[in-house]
Amino acid sequence: MNTAPSQETTPSAGHWRSYAPLDLHPILMHAMRAFNEQGYHGTSVRDIAGRVGVTVPALYYHYENKQALLATLLETSIKDVLDRCRAAAREAGDDPLARFCGMVESIVLYMAHRRQLAFLDTEIRSLEPQNRARYVALRDYLEHMLLDTVEEGRAQGVFTTPIPADAVRSVLVMCQGVANWFREDGPLTAEEVAERHVLLSLGTVGHPPAVTGGVVPPFPRRTPAGRGAAPRGTSG
């Protein structure tokens, strides 16, 4: 199986920071909300159909079963993360420090702006073996993208962690956790949370200035909300 994201759907440079309102098929949208509110096993197909306003047979016309809904939502989510992460890495170029910062920023922005989708990662345990294997392969692809960059940075003396694989896993767990607690009406914007997580991640992989407190992240400052940035309350 080819786990690389589709080249046709990869965002153009710069687009990876942009988030329009979440656009899903109504059945998927209501399934996502139901799974988040009640859990996968606490949600029935009849419940989802009732939320959408269709009959159960009509729902089955579009999706084979409840498992297909969860698998589609999870794969939609991880493929979007991968596409944005690839675009961020491509924009950063050959510098492993800039590439690492861009990828971490893109992941955190996704977790904040698409937290309802991203939160469904907690339901990976509910995937059937074949669907779980496909999803894990995509998630591993993301991990290896970061690991390859950290290894390259270690070779250049940019990162000093003696345990790069563990450091990368720690970075991903920290970034994915944003979906659990971020709120659009909270004290920090998604962009501010992303910037802080870049700093934390640089310390985790042993970037010397991050450890001493003298680091300046190698990515541009974002435009404050209301002057070009996506306003709060427009993402899902």
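Residues numbered from 1 in each chain as written. Predicted model: local features only at pLDDT ≥ 70, side-chain atom pairs only at ≥ 80, totals over all residues. Heavy atoms only, no water.

1. What about helix α5 (residues 96-113)?
And step 1. With 18 residues, α5 ought to run about 26 Å at 1.5 Å a step, and its terminal C-alpha atoms sit 25 Å apart, in line with that.
And step 2. Capping of α5 at its N-terminal end is provided by Asp-95; its side-chain oxygen lies 3.1 Å from the backbone amide nitrogen of Leu-97. (Helix = DSSP H or I, 4+ residues; strand = E, 2+ residues; numbered from the N terminus. Expected span 1.5 Å × (residues − 1). Polar contact = N/O pair within 3.5 Å; in protein donor to acceptor, adjacent residues only side chain to side chain.)

2. Examining the confidence of the model for the protein chain
And step 1. For the protein chain, the average pLDDT comes to 87, and 83% of its residues sit at 70 or higher.
And step 2. The element-level mean pLDDT for the protein chain is lowest in helix α11 (residues 208-212), coming to 75, with helix α8 (residues 164-176) highest at 97.
And step 3. When the criterion is pLDDT under 50, residues 1-14 qualifies, and its contacts beyond four places in sequence or with other chains add up to 28 contacts.
And step 4. Overall, residues 220-235 carries pLDDT values under 50, and its contacts beyond four positions in sequence, including any with other chains, amount to 25 contacts. (pLDDT = per-residue confidence, 0-100. Contact = heavy atoms within 4.5 Å.)

3. Observations concerning α8
And step 1. Compared with the 18 Å implied by 1.5 Å per residue over 13 residues, the 18 Å span of α8 between its first and last C-alpha is a close match.
And step 2. Within α8, the full set of buried residues consists of Pro-164, Ala-167, Val-168, Val-171, Leu-172 and Cys-175. One face of α8 carries all of its buried residues, which in axial projection span an arc of 135°.
And step 3. In this fold, the buried residues of α8 make contact with α5, α7 (129-155), α9 (178-181) and α10 (190-204). (Buried < 20%, exposed > 50% of the residue type's maximum accessible area, 1.4 Å probe, protein only. Arc of directions from axis to C-beta.)

4. Here's the deal with the UniProt feature "DNA-binding region" (unreviewed entry) in the protein chain
And step 1. The positions UniProt marks with the feature "DNA-binding region" (unreviewed entry) are residues 44-63.
And step 2. Within residues 44-63, the helical portion is 75% and the strand portion 0%, while the C-alpha atoms at the span's ends are 14 Å from each other. (UniProt positions renumbered as here; feature names shortened; annotations may be inferred.)

5. Brief notes about the packing of helix α1 (residues 26-38) against helix α4 (residues 66-92)
And step 1. Interhelical geometry of α1 versus α4 gives an angle of 90° and a closest axis separation of 10 Å. By the criterion of interaxial angle, the relationship of α1 to α4 is roughly perpendicular. Residues Ile-27, Leu-28, Ala-31, Met-32 and Phe-35 of α1 lie in contact with α4, whose contacting residues are Lys-66, Leu-69, Leu-70, Thr-72 and Leu-73.
And step 2. In terms of residue class, the contact of α1 with α4 is built from 8 nonpolar, 1 polar and 1 charged. (Axes fitted to C-alpha atoms, helices over the stretch in contact; angles between N-to-C directions. Parallel < 35°, antiparallel > 145°, perpendicular 65-115°, else oblique. Nonpolar A, V, L, I, M, F, W, Y, C, P; charged D, E, K, R; others polar.)

6. A word on the environment of Pro-57
And step 1. Tracing the backbone shows Pro-57 in helix α3 (residues 56-62).
And step 2. For Pro-57 and Val-45, which are 12 residues apart along the polypeptide, the C-alpha to C-alpha distance reads 10.0 Å.

7. Thoughts on the nonpolar core
And step 1. In terms of nonpolar packing, the biggest core is built from 70 residues, with Phe-35, Leu-69, Leu-73, Phe-100 and Ile-107 touching the most fellow members.
And step 2. By residue number, the principal contributor to this core is α4, which donates 12 residues.
And step 3. Excluding its chain neighbours within four sequence positions, the residues that come into contact with Leu-69 are Ile-27, Leu-28, Ala-31, Phe-35, Ile-48, Leu-59 and Tyr-63. (Core = buried A, V, L, I, M, F, W, Y, C linked by side-chain atoms within 4.5 Å.)

8. Thoughts on the packing of α4 against α7
And step 1. For the pair α4 and α7, interaxial distance at closest approach is 10 Å and the crossing angle is 15°. Comparing the axis directions of α4 and α7 gives the class roughly parallel. Handedness of the crossing formed by α4 with α7: left-handed. Seen from α4, the contacting residues are Gln-67, Ala-71, Leu-74, Glu-75, Ile-78, Lys-79, Val-81, Leu-82, Cys-85 and Arg-86; seen from α7, they are Asn-131, Arg-134, Tyr-135, Leu-138, Arg-139, Tyr-141, Leu-142 and Met-145.
And step 2. Here the contact of α4 with α7 is composed, by residue class, of 11 nonpolar, 2 polar and 5 charged. (Left-handed = near helix turned anticlockwise from the far one by under 90°.)

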